[in-house]
Amino acid sequence: MTTRSWLSLYALLIRTSIKSRMQYKFNFILASFLAALIQISEFLMVAIVLFKFGAIQGWSMHEIGYLFAVMTLSKTLYRTFADEVHHLEHYLVNGELDQLLTRPMPVLLALMPQKFRIMLGEVLQGGFLLWWSLHGMMAAGQVGWSAVPQSLYIIVTGAVILFSIGLATATFGFWTTRITELQNLTEDAARTAAQYPLTLYPKWMSSILLIVVPVGLVNYIPSLYILRGELGVWVLPALAGVALLCLCLSLKFWHFGLTKYQSTGS
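From a predicted model like this one, the values you see are computed outputs, not experimental measurements.

Caption draft 1: Highlighting the packing of helix α3 (residues 61-86) against helix α8 (residues 147-171). In the contact formed by α3 and α8, the axes pass within 8 Å of each other and the chain directions differ by 50°. Taken together, the axes of α3 and α8 are oblique relative to one another. As for how α3 packs across α8, the hand of that crossing is right-handed. On α8, the residues touching Tyr66, Val70, Met71, Leu73, Ser74, Lys75, Leu77, Tyr78, Ala82 and Val85 of α3 are Ser151, Ile154, Ile155, Val156, Gly158, Ala159, Leu162, Phe163, Gly166, Leu167 and Ala170. Of the residues assigned to the contact of α3 with α8, the class counts are 16 nonpolar, 4 polar and 1 charged.

Structure below.
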């Protein structure tokens, strides 16, 4: 099959999953509301501190809100289209991955649209926070309208980087089966840490968040250019190159891991 055929099949699987989920509209609306409430409460706790002290190591409330928003929307984009990558452990433990292996299509393509999530709450929360942050900085003359398309661009590159991290982490499950603790470290904890300026952390820790688990490339590094004019315009195309490199490496690791997979049974 051609690439276009695979994408058409992927779109069909997504539509089927959405149709199944929307049979329970109240659950969808309630889950979206609760997700947005949880997400916004995280930033509000930081905003209260910032409101009292004005800034954290020179980063204003709007700038930190921007870091939160970009990370939230990048994560939402990744988890919308590939949420089951994060839940690969379930397929490994229950032997459900065997069913995907028998399908006449790439395993990853079969896995990604399973239980497709419409993350409306995260989109609304992240979108509002991004608008609020940019509006405040535009009013202060810190950024111009060019920050809008640049922000959308880094949300996409950030989603690719987060997906690559998630896929590489999930691949370890082919050897260990259980990967929840590792995901807590490489995805959840690392992403939470990167919602704040990396200058808050010791140099060894910020280096890890930029090189080993490169979540700092999702929002912190591009924000230095978009919000502060630092580093240079080369940052934006370089991010695309890094995102592509991360994607290629994680896919190669995934394919290698598949060759080591041994069914756990059902």
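Resuming the write-up.
Caption draft 2: View of the pattern of salt bridges. Applying the stated rule across the entire model yields 4 salt bridges. With its nearest N and O atoms 3.0 Å apart, the salt bridge here joins Glu63 to Arg228. With a gap of 165 residues between them, Glu63 in helix α3 and Arg228 in the loop between α12 (220-226) and α13 (235-259) connect regions that are remote in the sequence. A relative accessible area of 30% places Arg228 in the partly exposed class.

Caption draft 3: Just α3, in detail. Between its terminal C-alpha atoms α3 stretches only 31 Å, short of the 38 Å expected from 26 residues at 1.5 Å a residue. Considering bend angle alone, the principal kink of α3 is centred on Thr80 and spans about 75°. Within α3, 23 of the 26 residues are buried, which leaves the element mostly enclosed by the surrounding structure.

Caption draft 4: Molecular detail of the side chain of Glu84. Relative to the helices and strands, Glu84 is located in helix α3. Only 2.7 Å separates the side chain of Glu84 from the side chain of Tyr91, close enough to count as a polar contact.

Caption draft 5: View of the layout of surface pockets. Considered as a void within the structure, the second largest pocket measures approximately 360 Å³ in volume. Forming the boundary of the second largest pocket are 17 residues, of which Ser164, Ile165, Ala168, Val212 and Pro214 lie nearest the centre. Among the residues forming the lining of the second largest pocket, the class breakdown is 13 nonpolar, 4 polar and no charged.

Caption draft 6: Region of interest: empty space enclosed by the protein. On inspection of all chains with the given rule, the structure shows 1 cavity of 30 Å³ or more. For the largest cavity, the calculated volume is near 40 Å³. Around the largest cavity sit Tyr78, Leu162, Ile165, Gly166, Thr186, Glu187, Arg191 and Val215, which together line it. Looking at the lining of the largest cavity, the elements that each hand over two or more residues are α8 and α10 (180-193).

What counts and how
- Residues numbered from 1 in each chain as written.
- Predicted model: local features only at pLDDT ≥ 70, side-chain atom pairs only at ≥ 80, totals over all residues.
- Heavy atoms only, no water.
- Axes fitted to C-alpha atoms, helices over the stretch in contact; angles between N-to-C directions.
- Helix = DSSP H or I, 4+ residues; strand = E, 2+ residues; numbered from the N terminus.
- Parallel < 35°, antiparallel > 145°, perpendicular 65-115°, else oblique.
- Left-handed = near helix turned anticlockwise from the far one by under 90°.
- Contact = heavy atoms within 4.5 Å.
- Nonpolar A, V, L, I, M, F, W, Y, C, P; charged D, E, K, R; others polar.
- Salt bridge = Lys/Arg side-chain N within 4 Å of Asp/Glu carboxyl O.
- Buried < 20%, exposed > 50% of the residue type's maximum accessible area, 1.4 Å probe, protein only.
- Expected span 1.5 Å × (residues − 1).
- Bend = angle between axes of the 7 residues up to and from the residue.
- Polar contact = N/O pair within 3.5 Å; in protein donor to acceptor, adjacent residues only side chain to side chain.
- 1 Å grid on protein atoms, 1.4 Å probe; cavity = no way out; pocket = protein on both sides within 12 Å on 5 of 7 lines; lining within 4 Å.
- Points joined across faces, edges and corners; volume = space filled by probe spheres on them.

Everything listed here is a matter of geometry and, on its own, says nothing about what the molecule does.
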